[in-house]
Amino acid sequence: MADDNNNGSKNIKEYSTNFDDLDNWHVESDMYDSSGNELDGLGTNAWAVARTGSEAYSEASSVVFQLNNFSGHGAFWLERKLPIEHFKKLSITIEYYAKLDERSEMIPKIIPIIYIGDNDPEHTGDFEKTRRIFKSDWSRFSFENEVKTDDVEHYWFGIGLWVEYDTALNVQNLGNNTTIPMGLDFTCYIDDLKVTIEETELHVEDRIILYIRASIMFVIGGTLIFLAIHKKYEPLLLLPIGTGIILSNIPFAGMMEPGGILYMIYEGGIKTGLFPLLIFLGIGAMTDFGPMLANPKTSLLGAAAQFGIFTTLIGAILLGFTLPEASSIGIIGGADGPTAIYLSIRLAPHLLGPIAIAAYSYMALVPIIQPPIIHALTTEDERKVKMKQMRFVSSRERVLFPLGVIIICAFVLPLAAPLVGMLMFGNLMRESGVVQRLANAASNELINIVTIFLGVAVGATMIAGTFLTFQTIAIIVLGLFAFCIGTTAGVLFGKIMYRTSGGQVNPMIGAAGVSAVPMAARVVQREGIKADPSNHLLMHAMGPNVAGVIGSAVAAGILLTYVSG
């Protein structure tokens, strides 16, 4: 429930709830047992949050936090986001009432936590701790904070508990002959939450700064549009991305606020992960895996090019990024935009904008970035190497390949199955020969429509307030490093194959191991013709190129398995 009161130039809003329902709240946790293993309430029953009618400060119900028989520490909380108007200075107060059950009074480390911020809180360290709860009577807790909204669309609010205790022992001595018996459950009730937001218009100089920042984003968006139209660098991607940047940064337009057109596209297609998966379906329907099947050893070049992902991951951690953030940044090295978006949504959604821009920008700049690396690592004689004509690949092989990949992925790396599965489903439609109409729709109408919405929504995530930061610059630089390392690793492995094959493999095709299809293969073809006008390497380069698509999806699955799991 919300109430607005106007008071001169100030506007006071109050959001209150007595937890008669939890429909607008999300339950999250960052809980660990004594061995450091994360505890999921749904999977372990270690903790639970629910509405209850057994205790309430007022009205009929409250929310109850429960912990059940374990040794450990961490936090669990309720969170929700509220819409905020642009260009305001906010004074925010959160207050609520809390009480323990009688036995929980004996647990020494129970501290209420509160969060106010423009990012979805993910970890215990995101919260502010208040005073401890000592008694089983209702006590009032509050927290105040002042913020400037700039061009942020919403703020997150969170309330919960931080705990550290041990109930796994038969008896825990707390001093003064006080003990906790084995099997003690912990219970805390919270009720009558009220968020008071006092809005004040920003001064003229603050508005000027906001318009300057919006203008900078207009220039960035305009630059991408210029590259798309004048230079023809990936126009299908950069044109909608650049337009999305401009539209989302128009002051007061509200396109990325709840109810706005860009917000709806983002929530429905990007945040859910739907658009990247549909893009992979279309890519599968467009991709010919024949060159890779004709010369399977070239798939090793696609694997080698993924080296940049894991090298950059380490570098990002050294620069202070968390492991999930570093994983999302590292995937840029695969030069696969949909995979980068898919992984970022799940591991670091707050970094989606700069990661997606870096991934797609470097895909578009393949013709500029890769040739200097190729020339630095190869000799003229190596670039002149002509490769033998590839063998014929039967229809049976082409049909069995996507089915085999899906089955292997299901057993070996199930978290990569959404990406790999959609890619192979699209390819199966192409190679089966019996659903050509569906294959054509996936490779034309579907992928074209999704590309429009994906590009605009990705650009819309680049709000000036969150994009114009040192963190964004670091991501752009790390992304370039990842891409260069991936290209370098592919070429160096190509040189190894050149030596071991007795000079039968042109090492340049290793540069196509990044999954920028077919741009990287075209670069290899162009460089081969420069070295020898009769040297045609396109189909040979397509082998590692399409292998790189699978490789980047597998790398994303590995990171999801070991980072998010």
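All values reported here derive from a predicted model rather than from experimental measurement.

> Teacher, can you tell me more about the overall build of the chain here?
Helix and strand content of the chain: 20 helices and 14 strands. Within the chain, the fraction of its 565 residues that count as buried is 53%. Pairs at least 24 residues apart make up 76% of the contacts formed inside the chain by residues separated by at least 6 positions. Working note: accessible area of the chain is about 24,700 Å², and carbon and sulfur atoms make up 58% of it.

> Teacher, can you tell me more about the environment of Ser 299 here?
Secondary-structure assignment places Ser 299 in helix 7 (residues 299-304). Classification of Ser 299 as partly exposed rests on a relative accessible area of 27%. Separated by 247 residues in the primary sequence, Ser 299 and Val 546 have C-alpha atoms spaced 8.2 Å apart. Sequence-distant contacts of Ser 299, defined by excluding residues within four places in its chain, comprise Met 292 and Ala 547.

> Sorry if this is basic, but what is going on with the confidence of the model for the chain here?
In low-pLDDT regions, the fine details of the predicted coordinates are not to be read closely. Of all residues in the chain, 86% attain a pLDDT of 70 or more, and the chain-wide mean is 82. The spread of mean pLDDT over the elements of the chain runs between strand 1 (residues 2-7), the lowest at 42, and helix 15 (residues 417-432), the highest at 94. The low-confidence segment residues 1-8 (pLDDT under 50) makes 15 contacts with residues lying over four places distant or belonging to another chain. The model gives residues 167-172 a pLDDT under 50, and that stretch makes 17 contacts with residues more than four places away or in other chains.

> Just to check I follow, could you spell out the packing of helix 5 (residues 274-286) against helix 10 (residues 337-347) for this structure?
Packed helix pairs are specified by the crossing angle of their axes together with the interaxial distance, meaning the distance between the axes. At a minimum axis distance of 9 Å, the contact between helix 5 and helix 10 shows a crossing angle of 150 degrees. With respect to their mutual orientation, helix 5 and helix 10 come out roughly antiparallel. Our pair here, helix 5 against helix 10, has a crossing hand that is left-handed. Residues Pro 276, Leu 277, Ile 279 and Phe 280 of helix 5 form the contact with helix 10, whose own contacting residues are Pro 338, Thr 339, Ile 341 and Tyr 342. Partitioning the contact of helix 5 with helix 10 into residue classes produces seven nonpolar, one polar and no charged.

> What is the right way to look at the pattern of salt bridges in this model?
Side-chain pairs of opposite charge can arise whenever the charged atoms involved come near each other. In the structure shown here, the tally under the stated rule is 14 salt bridges. Among the salt bridges present, the one from Lys 495 reaches Glu 382, with a minimum N-O distance of 2.8 Å. Remark: Glu 382 occurs in helix 13 (residues 380-383) and Lys 495 occurs in helix 18 (residues 470-500); sequence separation between them is 113 residues. Both residues of the pair, Lys 495 and Glu 382, belong to the buried class.

> Quick question: what am I supposed to make of the packing of aromatic side chains here?
For any pair of aromatic rings, the description consists of the separation of the ring centres together with the inter-plane angle of the planes. In total, this model carries eight aromatic pairs according to the counting rule given. On the basis of an interplanar angle of 50 degrees and a centroid distance of 5.2 Å, the ring pair of Phe 289 and Phe 401 is categorised as tilted. With Phe 289 in the loop between helix 5 and helix 6 (290-294) and Phe 401 in helix 14 (residues 395-412), this residue pair connects regions lying 112 residues apart in the sequence. Phe 289 gets classed as buried once you look at its relative accessible area, which sits at 3%. A residue is classified by how much of its surface remains accessible, and Phe 401, at 16% relative accessible area, is buried. Members of the aromatic cluster, connected to one another through ring pairs, are Tyr 57, Tyr 97 and Trp 138. Its guanidinium or amino end placed over the ring of Trp 25, Arg 80 lies 5.5 Å from that ring's centre, counting from NZ or CZ. The lysine or arginine in question, Arg 346, covers the ring of Tyr 342, its NZ or CZ lying 4.0 Å from the ring centre.

> Whenever I open this one, the packing of helix 8 (residues 307-318) against helix 9 (residues 323-330) confuses me. Can you help?
Their axes nearest at 8 Å, the elements helix 8 and helix 9 cross at an angle of 140 degrees. It follows from the interaxial angle that helix 8 and helix 9 lie oblique. Crossing angle aside, the handedness with which helix 8 passes helix 9 is right-handed. Taking contact as the criterion, the partners of Gly 308, Ile 309, Thr 312, Leu 313, Ala 316 and Ile 317 in helix 8 are, on helix 9, Leu 323, Ala 326, Ser 327, Ile 329 and Gly 330. A per-class count over the contact of helix 8 with helix 9 returns seven nonpolar, four polar and no charged.

> Mind showing me how you'd approach the side chain of Asn 249 here?
Within the secondary structure layout, Asn 249 lies in the loop between helix 3 (235-248) and helix 4 (261-270). A polar atom in the side chain of Asn 249 sits 3.4 Å from the side chain of Ser 248.

> Looking at this structure, how should I read the nonpolar core?
Nonpolar side chains tend to gather and get buried jointly when the protein is soluble and globular. Counting residues in hydrophobic clusters, the biggest one holds 108 residues, and the most contacted among them are Ile 270 and Ile 341. Per-element tally for this core: the top contributor is helix 20 (residues 538-564), with 11 residues. Those residues within four positions of Ile 270 in sequence are excluded, and the remaining contacts are Ile 265, Phe 275, Ile 341, Ile 345, Leu 352, Leu 454, Ala 457 and Val 458. Grouped together as the second largest cluster of nonpolar side chains are 36 residues, Phe 65, Leu 82, Ile 92 and Ile 116 included.

> Whenever I open this one, the side chain of Asp 30 confuses me. Can you help?
Looking at the element boundaries, Asp 30 is found in strand 3 (residues 26-33). Separated by 2.8 Å, the side chains of Asp 30 and Thr 124 make a polar contact.

> Help me understand the environment of Gly 74 in this model?
Relative to the assigned elements, Gly 74 resides in strand 6 (residues 71-83). For the pair Gly 74 and Gly 125, spaced 51 residues apart in sequence, the C-alpha to C-alpha distance is 9.6 Å. Residues in contact with Gly 74, not counting those within four places in the same chain, are Asp 30, Met 31, Thr 124, Leu 161, Trp 162 and Val 163.

> Teacher, can you tell me more about helix 16 (residues 436-460) here?
Three- or four-residue spacings in an α-helix give side chains the same orientation, since the helix completes a turn every 3.6 residues. The terminal C-alpha atoms of helix 16 lie 35 Å apart, and with 25 residues this matches the ideal 36 Å at 1.5 Å per residue to within 8%. The largest bend in helix 16 amounts to roughly 40 degrees and is located at Ala 442.

> Honestly, the environment of Ala 541 in this entry has me stumped. Any pointers?
Mapped onto the elements, Ala 541 comes out in helix 20. Judged by relative accessible area, which is 0%, Ala 541 ranks as buried. As a C-alpha pair, Ala 541 and Thr 298 span 243 residues in sequence and 8.5 Å in three-dimensional space.

About the criteria used
- Residues numbered from 1 in each chain as written.
- Predicted model: local features only at pLDDT ≥ 70, side-chain atom pairs only at ≥ 80, totals over all residues.
- Heavy atoms only, no water.
- Helix = DSSP H or I, 4+ residues; strand = E, 2+ residues; numbered from the N terminus.
- Buried < 20%, exposed > 50% of the residue type's maximum accessible area, 1.4 Å probe, protein only.
- Contact = heavy atoms within 4.5 Å.
- Areas by Shrake-Rupley, 256 points an atom, 1.4 Å probe, with all protein chains shown as cover.
- pLDDT = per-residue confidence, 0-100.
- Axes fitted to C-alpha atoms, helices over the stretch in contact; angles between N-to-C directions.
- Parallel < 35°, antiparallel > 145°, perpendicular 65-115°, else oblique.
- Left-handed = near helix turned anticlockwise from the far one by under 90°.
- Nonpolar A, V, L, I, M, F, W, Y, C, P; charged D, E, K, R; others polar.
- Salt bridge = Lys/Arg side-chain N within 4 Å of Asp/Glu carboxyl O.
- Phe/Tyr/Trp six-rings, centres within 6.5 Å; stacked < 30°, edge-to-face > 60°.
- Lys NZ or Arg CZ within 6 Å of the ring centre and 35° of its normal.
- Polar contact = N/O pair within 3.5 Å; in protein donor to acceptor, adjacent residues only side chain to side chain.
- Core = buried A, V, L, I, M, F, W, Y, C linked by side-chain atoms within 4.5 Å.
- Expected span 1.5 Å × (residues − 1).
- Bend = angle between axes of the 7 residues up to and from the residue.

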